[in-house]
Amino acid sequence: MTSEVTDRAQERLRRWRLVLGGDAADGTGCALAGQDAAMDGALTALYGRKDGRSQGGRDRSAGLGASAPSVARWLGDIRTYFPSSVVQVMQRDAIDRLGLATLLLEPEMLEAVEADVHLVGTLLSLNKAMPETTKETARAVVRKVVEDLEKRLATRTRATLTGALDRSARINRPRHHDIDWNRTIAANLKHYLPEYRTIVPERLIGYGRAAQSTKKEVILCIDQSGSMAASVVYASVFGAVLASMRTISTRLVVFDTAVVDLTDQLDDPVDVLFGTQLGGGTDINRALAYCQSQITRPAETVVVLISDLYEGGIRNEMLKRVSAMTASGVQFVTLLALSDEGAPAYDREHAAALAALGAPAFACTPDLFPEVMAAAIEKRPLPIPDAA
């Protein structure tokens with residue numbers, strides 16, 4: 001028992017030693033060897049203090065150096081010693097803390113990194129500065145992430161929205177073979193006649209012919225300012241999934257101070273992503289003016305604005321456009337973010353003004369997005385997260 005307690009205590013000391021970094025004041029008195037020492041070296045390169053010294057008197061200056069080979073070795077080390085989720089966090093920290101973004105312009109570096117949504121956002125922000133020798137490698141990295149996201153999201157999105165389209169198409173005077181018996185029985189239970197042990201249906205509910213008569217229009221209007229990078233990635237993937245559904249006509253528009261319609265590239269979300277230009281100003285009013293001009297069937301249209309709402313254009317005109325669209329029957333959805341990162345910094349005054357128009361603004365995760373779209377298609381209340 002005493003040995004077991006001692007082992008647990010030693011393990012706690014080991015973990016604290018790795019967290020604290022081994023400076024003289026860490027107080028653990030724990031020395032590291034073998035793989036633990038290598039893990040400590042990888043952590044020190046990123047998080048060590050520039051003015052500190054290790055217990056052994058070695059210089060503990062942080063930094064990976066400016067050369068791609070040293071960074072590539074470090075990337076290999078962290079993939080060896082840490083799980084993928086931790087590797088992705090350390091990569092993001094290395095880019096932010098040590099200014100390594102420019103090294104991603106080198107093909108050998110791109111081949112060494114762990115690909116994720118955040119890395120794609122960084123690559124897109126470097127797109128214009130990327131040499132031709134790097135672009136093919138960058139596209140391969142982006143394609144891997146996009147394909148992984150499609151595998152995760154596409155099937156559930158199609159199933160959820162197909163169900164929503166079917167429900168929105170139900171009619172009350174169906175032909176016999178179009179009757180939805182389950183919903184018809186549920187709607188007429190109050191007409192049950194116990195003496196006859198039967199239900200007399202006063203109202204028939206039928207399936208609509210979704211493929212022929214309930215086609216919906218969806219316009220994704222995406223802010224491509226630098227803070228929206230992850231949202232741009234997810235929105236592009238969802239745009240491609242929606243475009244693959246014959247019952248939905250999908251348009252994808254990105255904007256900063258200019259507006260670009262990328263609808264004709266929706267068959268390949270990688271092309272969509274490389275058609276964006278992260279950074280720059282924001283003119284939501286101009287983007288909504290373009291979207292409004294593309295609406296031909298307002299009662300069958302869902303407009304999704306994905307933006308942190310920092311407007312550089314004409315605020316009152318933006319609000320007037322939203323008001324006009326909702327008054328005409330458009331379902332208007334405002335997402336502050338479409339990512340797993342939670343609500344970003346956003347313009348609260350504009351969010352409150354949109355909520356007053358019946359278009360509450362909230363952050364949406366990729367897993368929730370199909371439910372949000374289904375609710376908009378069926379014209380029912382949106383499933384707004386409590387944290388919003």
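Structure first, text after, so check above.
Residues numbered from 1 in each chain as written. Predicted model: local features only at pLDDT ≥ 70, side-chain atom pairs only at ≥ 80, totals over all residues. Heavy atoms only, no water.

Visitor: Break down the overall build of the chain for me, with residues and values.
Guide: Across its full length, the chain carries 15 helices and eight strands. Per-residue burial over the chain gives 46% buried out of 388 residues. Sequence separation of 24 or more characterises 72% of the internal contacts of the chain that already satisfy a separation of 6 or more. Here the chain has roughly 19,100 Å² of accessible surface; of this, 50% comes from carbon and sulfur atoms. (Helix = DSSP H or I, 4+ residues; strand = E, 2+ residues; numbered from the N terminus. Buried < 20%, exposed > 50% of the residue type's maximum accessible area, 1.4 Å probe, protein only. Contact = heavy atoms within 4.5 Å. Areas by Shrake-Rupley, 256 points an atom, 1.4 Å probe, with all protein chains shown as cover.)

Visitor: Tell me about the packing of aromatic side chains, and please be specific about residues and values.
Guide: Each aromatic ring pair is described using two quantities: the centre-to-centre distance and the angle formed by the ring planes. One pass over the structure, following the stated rule, counts one aromatic pair. Ring geometry for Phe238 versus Phe369: centroids 4.5 Å apart, planes at 45°, classification tilted. Residue Phe238 is located in helix H10 (residues 229-243), and its partner Phe369 is located in helix H15 (residues 369-378); the two are separated by 131 residues in the primary sequence. Residue classification places Phe369 among the buried positions, given a relative accessible area of 1%. (Phe/Tyr/Trp six-rings, centres within 6.5 Å; stacked < 30°, edge-to-face > 60°.)

Visitor: Could you give an account of the nonpolar core, naming the residues involved and the relevant values?
Guide: The biggest cluster of nonpolar side chains holds 81 residues, and the ones touching the most others in it are Trp74, Leu123, Val304 and Phe369. Broken down by element, this core gets its largest block of residues, ten residues, from helix H7 (residues 132-168). In contact with Leu123, other than residues within four places in its own chain, are Leu104, Leu110, Met130, Ala138, Val141 and Val142. Ranked by size, the runner-up nonpolar core spans 25 residues in total, among them Leu288, Leu309, Leu319 and Leu354. (Core = buried A, V, L, I, M, F, W, Y, C linked by side-chain atoms within 4.5 Å.)

Visitor: Let's hear about the sheet that holds strand S6 (residues 301-306): which residues, and what values?
Guide: Here six strands make up an open sheet; going across it, the order is S5-S4-S3-S6-S7-S8 and the pairing mixed. Strand pairing shows two members of the sheet lacking a second neighbour, strand S5 (259-261) and strand S8 (361-364), which therefore form its edges. Neighbouring strand axes in the sheet, compared pairwise and without regard to direction, differ in orientation by 25° on average. (Pairing = 2+ DSSP bridges. Axes fitted to C-alpha atoms, helices over the stretch in contact; angles between N-to-C directions.)

Visitor: So what's going on with the packing of helix H6 (residues 117-125) against H10? Residues and values would help.
Guide: With their axes 8 Å apart at the nearest point, H6 and H10 run at an angle of 105° to one another. When the interaxial angle is binned, H6 and H10 end up roughly perpendicular. Here H6 contributes Val117, Val120, Gly121 and Leu124 to the contact with H10, which in turn contributes Ala229, Ala230, Val233 and Tyr234. The class makeup of the residues in the contact of H6 with H10 is seven nonpolar, one polar and no charged. (Parallel < 35°, antiparallel > 145°, perpendicular 65-115°, else oblique. Nonpolar A, V, L, I, M, F, W, Y, C, P; charged D, E, K, R; others polar.)

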